Amino acid sequence: MPRAGENQLVVKIDYCGICGTDVESYAHGGPIRPVIVLGHENVGTVVEVGPGVTGFAPGDRLLCGPPTQCEELCPSCRRGETNVCIHGFPRTAGIGGPDGGYAEYMLVRDVRHTLLVKIPEGVDPRQAVLFDVICVSLHGIRKSDFKFGDDVVVSGTGPIGLAAIALLRAAGANRIIALGTTSAKFPTLKEYGADYCLNPNETGDLAAEVRKILGSEVGADIVFECAGNNPSLENCVYKCVRPGGQVMLLGTIGAPMTLVPAAFSIHEVDLQTSFVYTPGEVKMYLDMLASGKISVGNMVTDVISLDEVAQKGLGRKDRRGQIKILIDPSR
Ligand SMILES: [Zn+2]
Ligand SMILES: [Zn+2]
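The rules behind these values
Residues numbered from 1 in each chain as written. Chains lettered and ligands numbered in written order. Predicted model: local features only at pLDDT ≥ 70, side-chain atom pairs only at ≥ 80, totals over all residues. Heavy atoms only, no water. Donors = N, O, S within 2.8 Å, 3.2 Å for Na, K, Ca; no water. Helix = DSSP H or I, 4+ residues; strand = E, 2+ residues; numbered from the N terminus. Salt bridge = Lys/Arg side-chain N within 4 Å of Asp/Glu carboxyl O. Buried < 20%, exposed > 50% of the residue type's maximum accessible area, 1.4 Å probe, protein only. Phe/Tyr/Trp six-rings, centres within 6.5 Å; stacked < 30°, edge-to-face > 60°. Patch = residues over 30% accessible without salt bridge, like charges linked within 9 Å, V, L, I, M, F, W, Y side chains within 5 Å. Areas by Shrake-Rupley, 256 points an atom, 1.4 Å probe, with all protein chains shown as cover. Pairing = 2+ DSSP bridges. Right-handed = clockwise from strand over helix to strand, strands pointing away. Tetrahedral: all angles 85-135°; square planar, octahedral: opposite > 155°, others 65-115°. Polar contact = N/O pair within 3.5 Å; in protein donor to acceptor, adjacent residues only side chain to side chain. Contact = heavy atoms within 4.5 Å. Arc of directions from axis to C-beta. Disulfide = S-S within 2.5 Å.

A. Inspection of the coordination of the zinc ion (ligand 1) at higher detail. Bound to the zinc ion (ligand 1) on the protein side are C19 (SG), H40 (NE2), E41 (OE) and D132 (OD), at distances that span 1.9 to 2.5 Å. One chain supplies every donor to the zinc ion (ligand 1), and in sequence these donors are spaced C-x20-H-E-x90-D. Here the residue C19 occupies a position in the loop between β1 (9-17) and α1 (20-28), and H40 occupies one in the loop between α1 and β2 (42-49), the gap between them amounting to 21 residues.

B. Seen up close, the pattern of salt bridges. Evaluated as defined, the whole model comprises 17 salt bridges. Residue E281 pairs with R142 through a salt bridge whose shortest N-O separation is 3.1 Å. A residue pair is termed long-range when its members are at least 10 positions apart, and E281 in helix α10 (residues 279-290) and R142 in helix α4 (residues 131-143) qualify at 139 residues. Residues R331 and D328 are paired through a salt bridge, measuring 3.6 Å at the closest nitrogen-oxygen approach. Classification of D328 by relative accessible area gives buried; the value is 10%. Linked by salt bridges that have partners in common, E71, D110 and R112 make up one network.

C. Just the packing of aromatic side chains, in detail. Summed over all chains, the structure comprises 1 aromatic pair. Between F131 and Y277, the ring centres sit 6.2 Å apart and the planes meet at 80°, which makes this aromatic pair edge-to-face. With F131 in helix α4 and Y277 in the loop between β11 (270-273) and α10, the pair connects residues that are 146 residues apart, well separated along the chain.

D. How the structure looks around a nonpolar patch on the surface. A cluster of nonpolar residues, V84, F89 and F275, forms a patch on the protein surface that exposes about 270 Å² of accessible area. Along the chain, V84 turns up in the loop between α2 (75-78) and β4 (105-108).

E. Representation of the pairing of strand β12 (residues 300-304) within the structure. Counting buried residues along β12, 4 of its 5 residues qualify, which places the element largely inside the surrounding structure. In this structure, β12 lies alongside strand β13 (residues 324-327), joined through 4 bridges in parallel fashion. Residue I304 lies in a different strand from β13, and its bridge partner there is I327. On the question of chirality, the crossover connecting β12 to the parallel β13 by way of helix α11 (residues 309-314) is right-handed.

F. Geometry of the coordination of the zinc ion (ligand 2). In this structure, C70 (SG), C74 (SG), C77 (SG) and C85 (SG) serve as the protein donors to the zinc ion (ligand 2), at separations of 2.3 to 2.4 Å. Each of the 4 donor atoms bound to the zinc ion (ligand 2) contributes to angles spanning 103 to 113°, and the resulting shape is tetrahedral. Read from N- to C-terminus, the donor residues coordinating the zinc ion (ligand 2) fall into the pattern C-x3-C-x2-C-x7-C. Accessibility expressed as a relative area gives 3% for C77, which makes it buried. Residue classification places C85 among the buried residues on the basis of a relative accessible area of 10%.

G. Seen up close, the side chain of N42. Position of N42 among the secondary structure elements: in strand β2. A distance of 3.2 Å separates a polar side-chain atom of N42 from the backbone oxygen of G39. Not counting chain neighbours up to four residues away, the residues in contact with N42 comprise I13, Y15, C16, L62, L63, C64, G65, G101, M106, V129 and F131.

H. Representation of α1 in the model. Buried within α1 we find D22, V23 and S25. Buried positions in α1, seen along its axis, are confined to an arc of 165° and lie on one side of it. Of the exposed residues in α1, the ones pointing more than 90 degrees away from its buried face are A27 and H28. Packing partners of the buried residues in α1 comprise β1 and α11. Positive backbone phi, approximately 80°, marks G29, located one or two places after α1.

I. Structural context of the state of the cysteines. Scanning the model with the defined rule gives 0 disulfides in all. Cysteine C64 remains unbridged, with the sulfur of C16 as its closest cysteine sulfur at 9.1 Å. The class for C64 is buried, based on a relative accessible area of 0%.

Here it is as structure tokens:
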């Protein structure tokens, strides 16, 4: 049981999400270094408030973990781009910071640079805890050139892809084409708002198929890469986007890119990156959940205890059918 020192909080974890980054680090040793307690997608209840902390009281339910604007006000934070704060990564609880949410109680090491957002009345904590996934897609869509009425392609059927589909539907996309290599997921993709689903491995000429759906000689206006692998990236850049269109990278591709720039630069394809989200976008997500303006569907497919983390969480053998697994330490 940690104790709250100066500028610290102790939070009783209600739910902690298991992130793809956690699974990757558990299996292959990166990018999170040992030895830390994992867990950066947390919702909990304040149980102890340290000296110097204002605005929080025991009993407050909040979301906590990722960094916010740094105390040093680095050049990124000065521009409001806290998602690319130069101090951000090492201060993210459960990634660079030692105290993550795979625990009954989590120490918020320094409230001054930890993202802490109170959860509005009426918001289901199991929806709120999805902020890490949803807001990656939210930020990417906001940063992209997407406009109301655009035709879009979303490549990837994991939580980021599903969130992108749901948000693009809410944001007024015209036609949403989802690409996935597991055809069994197509009904789920349609539930989230995809109009068409294509399996690139089973589609002879993907570019022709996309154009046929769009009734156009060219591809989609904006294409979101959410699968995080090179075959998906190549499909997005070479086969799905229209000349002058944009490919937004939301998936984390941990391998060297295999793209040939000359093959897409002649079409002036805009290749853009996006990284996490800002505190304002997290608040936006919670507000829109509270007011019912967005719904992200039932992404939580399993809730497990701390004892089950190795077997049914990080080391789970069969991930098919799973979207988001939460840990409930009270189990
Ligand atoms: Zn995450
Ligand atoms: Zn900063």
